[in-house]
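Residues per chain, in single letters:
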Amino acid sequence: MATERKDMYLPEREFVEQANIQSRAEYERMWKQSIEDPETFWGYIAKDFHWFKPWVKVYRGEPEIGDNEWFIGGKTNISYNCLDAQIEKGRGDKVALLFQGEPEADCKRFTYKELLKHVCRFANVLKKNGVKKGDRIALYLPMIWQLPVVMLACARIGAVHTVVFGGFSAEALADRMLACGAKKLVTTNGYWRGGKKINAKANVDRACMLCASAGLTIDDVFVVDRMVDFDVPYIVYRDTSLSKELMLEEISDFCPAEKMDAEDPLFIMYTSGSTGKPKGTLHTTAGYMVYTYTTFKYIFDYKEEDVFFCTADIGWITGHSYIVYGPLLNGATTVLYESVPTYPEPDRFWHIIDKFKVTTFYTAPTVIRSLMNRDIKWVEKHDLSSLRLLGSVGEPINPEAWQWYYHYVGHDHCPIVDTWWQTEAGGILISAIPGAMGLKPGSAALPFFGVKPVILRARNSGDEPAEEAEVNEKGELCLASNWPGIMRTLYGEPERHISGYYTQQPGYFFSGDGAYKDEDGYFWITGRIDDIVNISGHRLGTAEVEKVLCSHPGVVEAAVVGYPHPVKGEDLYVYVVTSAEWEGNDALRDELKNLVRQEIGPIAIPGKIQFVQEMPKNRSGKIVRRILRKIASGVGNEIDASMLNILAEPGIVKIIDKERIV
Ligand code: PRX
């Protein structure tokens, strides 16, 4: 690679001169105000929105216990602010959404006016079929243009959407619907993925059956007819074809936006936790709206003529905040692509950037790593000169991937914003502001407005007080403030909200990540320090996978850990103790992989399964996963006497390490 590697990449003068924030001093002044006087800071920004009724007080809360309310007493609607308010500001004929289907010819442009019309019509169909304010509604939809439309339709009428990632199995879908009591669901008759037609409806039918046997009857399944000539069975009285409903004369192009209380729920997003049960992070209306708007505007240095392309799936929080809500609240043009980066060739993203003249491209390190392994001609073939800013999200970006992205995609002049955040946050928490500060490859840089991160030392007992780490000392990344986008609770599990986030370091929100802060105040994220593994940007709790494995009759015990993977970032390594009647062989390995695929989905299929005689356990019988992690990562030699001493049977470690699957 031709570029010279530097420790600090300063933005070019032309970039700074047009930037929304142009110096570190300006950033520092705004950050200080956001922390010291959040009411003035966020109250000023919130004036950019349409309010049916103004708020009485901007903020009340106690960050120590995750209690907060924003824009108290205010009434607004995020769908109105994404659409109607943009039209009122003169953007009616501006392109809001650019949809690229997997087939190249399937490409659609929606202006703000057109998008509003579709949203209103979908909202009216939902209303006609009994969907009401406060109802939870599951959206099991792939990356097709109807997904943002249905989300905005739900938000318009006050229904709480929970989007379930299309790669999840029927069982995982049912679990999530049961957890939030979603009696209605929107899906599709099929979609395209890598040249294949995928039947999503079969999973839905099975999920409905599973829900019914657990006592939740699904009243309505709305089906988006994405595929023509793709026959899926319809269940009379339960299934409704959305395209047929939308053709009805009584369905009007106008649907008034419900006046939502600032703290009314907007959506529930399920994510993995340290136990086997997914957590439903609850995000509410006004705070999420103000926060995604502000992060999008400053971190992506948004300009009116920008075309923004985020490659995340809307089934995860990144897609919610930076394909749908953040861009539309700013009146931007957002790109939605249906399929994978490698179909029909490994240049689909570069082709889309060229085709739509994308200015801002936001993707994940795993995507970059998988594409940088291909012949460079796939990138060089395309004109990427429209790009002015790049982003990264989902996991730490390694220096090789950073340099490749900067040089081949950004042509050595586009800043890369490495954005650290999580589902619970609603929006980006730590990132460079591209015109205001230099970039250090591998560092997420500085906290966003309203965010006060602290690095705390690990505590050995419940009585120890929280203690801040020194500069450059690794510790637990915690947050000491409230910001408007933070989740309000875990749906239906308020105790778990507190015990999961506010007890590891009492008085602080515990992120689950390790990190350190350098002498310039830059944050370096080192990865999860709890039992969560990040596979190609998909967050998975190891306990969730263990639970599934242990349900197999041949499994007595299972321990799942992460190990480094060159493209996916991390993958799952499984240790299994079989029952006497079962032999640990390839046939059982295949059975276990299939079981995980069926119960969770293909994303959770373990990379390696090792059968062991016994697990390394401490004297109270707990599996010491720290040791298993070392072995899986190929650094068994780092297991020292202090680790072995706590084991009841230290001899087992050598055997497991010797039989490690390479
Ligand atoms: O470990 C961090 C990692 O992804 C986790 C959050 O996953 P999820 O809730 O699925 O949200 C993903 C998209 C925001 C974090 O706890 N992570 C996310 N972004 C970064 C990151 N790790 C390092 N650098 C990042 N930029």
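Residues numbered from 1 in each chain as written. Predicted model: local features only at pLDDT ≥ 70, side-chain atom pairs only at ≥ 80, totals over all residues. Heavy atoms only, no water.

K.L.:
Account for the sheet that holds strand β20 (residues 416-419), with residues named and values stated.
P.N.:
Sheet strands pair by backbone hydrogen bonding; their relative direction is either parallel or antiparallel. Across the sheet, which stays open at both edges, the seven strands sit in the order β5-β4-β17-β16-β18-β19-β20 with mixed pairing between neighbours. Edge positions in the open sheet fall to β5 (107-111) and β20, since each of these has one partner strand only. Strand-to-strand twist of the sheet, defined as the mean angle between neighbouring strand axes without regard to direction, takes the value 20 degrees. Of the pairings in the sheet, the one linking strand β16 (residues 307-310) to strand β18 (residues 360-363) comprises three bridges and is parallel in character. In the sheet register, phenylalanine 309 faces β18, and the bridge partner there is phenylalanine 361. (Pairing = 2+ DSSP bridges. Helix = DSSP H or I, 4+ residues; strand = E, 2+ residues; numbered from the N terminus. Axes fitted to C-alpha atoms, helices over the stretch in contact; angles between N-to-C directions.)

K.L.:
If you had to explain the sheet that holds strand β22 (residues 475-479) to someone new, which residues and values would you point to?
P.N.:
The strand order across the open sheet built from four strands is β21-β22-β24-β25, with neighbouring strands paired in antiparallel fashion. A strand with exactly one partner marks an edge of an open sheet, and here the two such strands are β21 (453-456) and β25 (523-528). Ignoring which end each strand starts from, the neighbouring axes of this sheet average 45 degrees apart. Of the pairings in the sheet, the one linking β21 to β22 comprises four bridges and is antiparallel in character. Within β22, the position partnered with isoleucine 455 by the bridge is leucine 477.

K.L.:
Report on helix α11 (residues 285-299), specifying residues and quantitative values.
P.N.:
Here α11 contains 15 residues, and its C-alpha end-to-end distance of 21 Å stays within 8% of the 21 Å for a straight helix at 1.5 Å per residue. Within α11, 14 of the 15 residues are buried, leaving the element largely enclosed by the surrounding structure. Phi turns positive, to about 45 degrees, at aspartate 301, one or two residues after α11. (Expected span 1.5 Å × (residues − 1). Buried < 20%, exposed > 50% of the residue type's maximum accessible area, 1.4 Å probe, protein only.)

K.L.:
Kindly report on the site of the ligand, identifying the contributing residues and their values.
P.N.:
Taken together, the neighbourhood of the ligand is formed by 16 residues, with Thr419, Thr423, Asp513, Arg528 and Arg539 sitting nearest. In this structure, a nitrogen atom belonging to the ligand sits 2.7 Å away from a main-chain N or O atom of threonine 419. A distance of 2.9 Å separates an oxygen atom of the ligand from a polar side-chain atom of glutamine 422. Alone, the ligand offers 540 Å² of accessible surface; in the complex the protein occludes 95% of this. Of all the secondary-structure elements, those providing two or more residues to the shell around the ligand are β20 and β25. Tallied by class, residues from the shell around the ligand come to five nonpolar, six polar and five charged. (Near = heavy atom within 4 Å. Polar contact = N/O pair within 3.5 Å; in protein donor to acceptor, adjacent residues only side chain to side chain. Areas by Shrake-Rupley, 256 points an atom, 1.4 Å probe, with all protein chains shown as cover. Nonpolar A, V, L, I, M, F, W, Y, C, P; charged D, E, K, R; others polar.)

K.L.:
Hey, could you go over the packing of aromatic side chains for me, with residue numbers and the actual values?
P.N.:
We describe a pair of aromatic rings using the distance from one ring centre to the other and the angle between the two ring planes. Within this structure, the stated rule accounts for 46 aromatic pairs. Ring centres of phenylalanine 300 and tyrosine 322 lie 5.7 Å apart, and the angle between their planes is 70 degrees; this geometry places the pair in the edge-to-face category. Of this pair, phenylalanine 300 sits in the loop between α11 and β16 while tyrosine 322 sits in helix α12 (residues 317-329); the two residues are 22 residues apart in sequence, bridging distant segments of the chain. On the basis of relative accessibility, which here comes to 1%, the residue phenylalanine 300 falls in the buried class. Among the residues examined, tyrosine 322 registers a relative accessible area of 0% and is labelled buried. Seen from their ring centres, phenylalanine 300 and tyrosine 362 are 4.8 Å apart, and the 65 degrees between their planes marks the pair as edge-to-face. Of the two residues, phenylalanine 300 sits in the loop between α11 and β16 while tyrosine 362 sits in strand β18, which places them 62 residues apart along the sequence. With relative accessibility at 1%, the residue tyrosine 362 sits in the buried group. Ring pairs connect the aromatic residues Phe309, Tyr337, Phe349, Trp350, Phe361, Trp404, Tyr405 and Tyr408, which therefore count as one cluster. Directly above the aromatic system of tyrosine 234 lies the positively charged group of lysine 201, at a separation of 5.7 Å from the ring centroid. Across from the ring centre of phenylalanine 52, 5.2 Å away, lies the NZ or CZ of lysine 259, which sits over that ring. (Phe/Tyr/Trp six-rings, centres within 6.5 Å; stacked < 30°, edge-to-face > 60°. Lys NZ or Arg CZ within 6 Å of the ring centre and 35° of its normal.)

In short, the description is geometric, and any link to function would need to be established separately.
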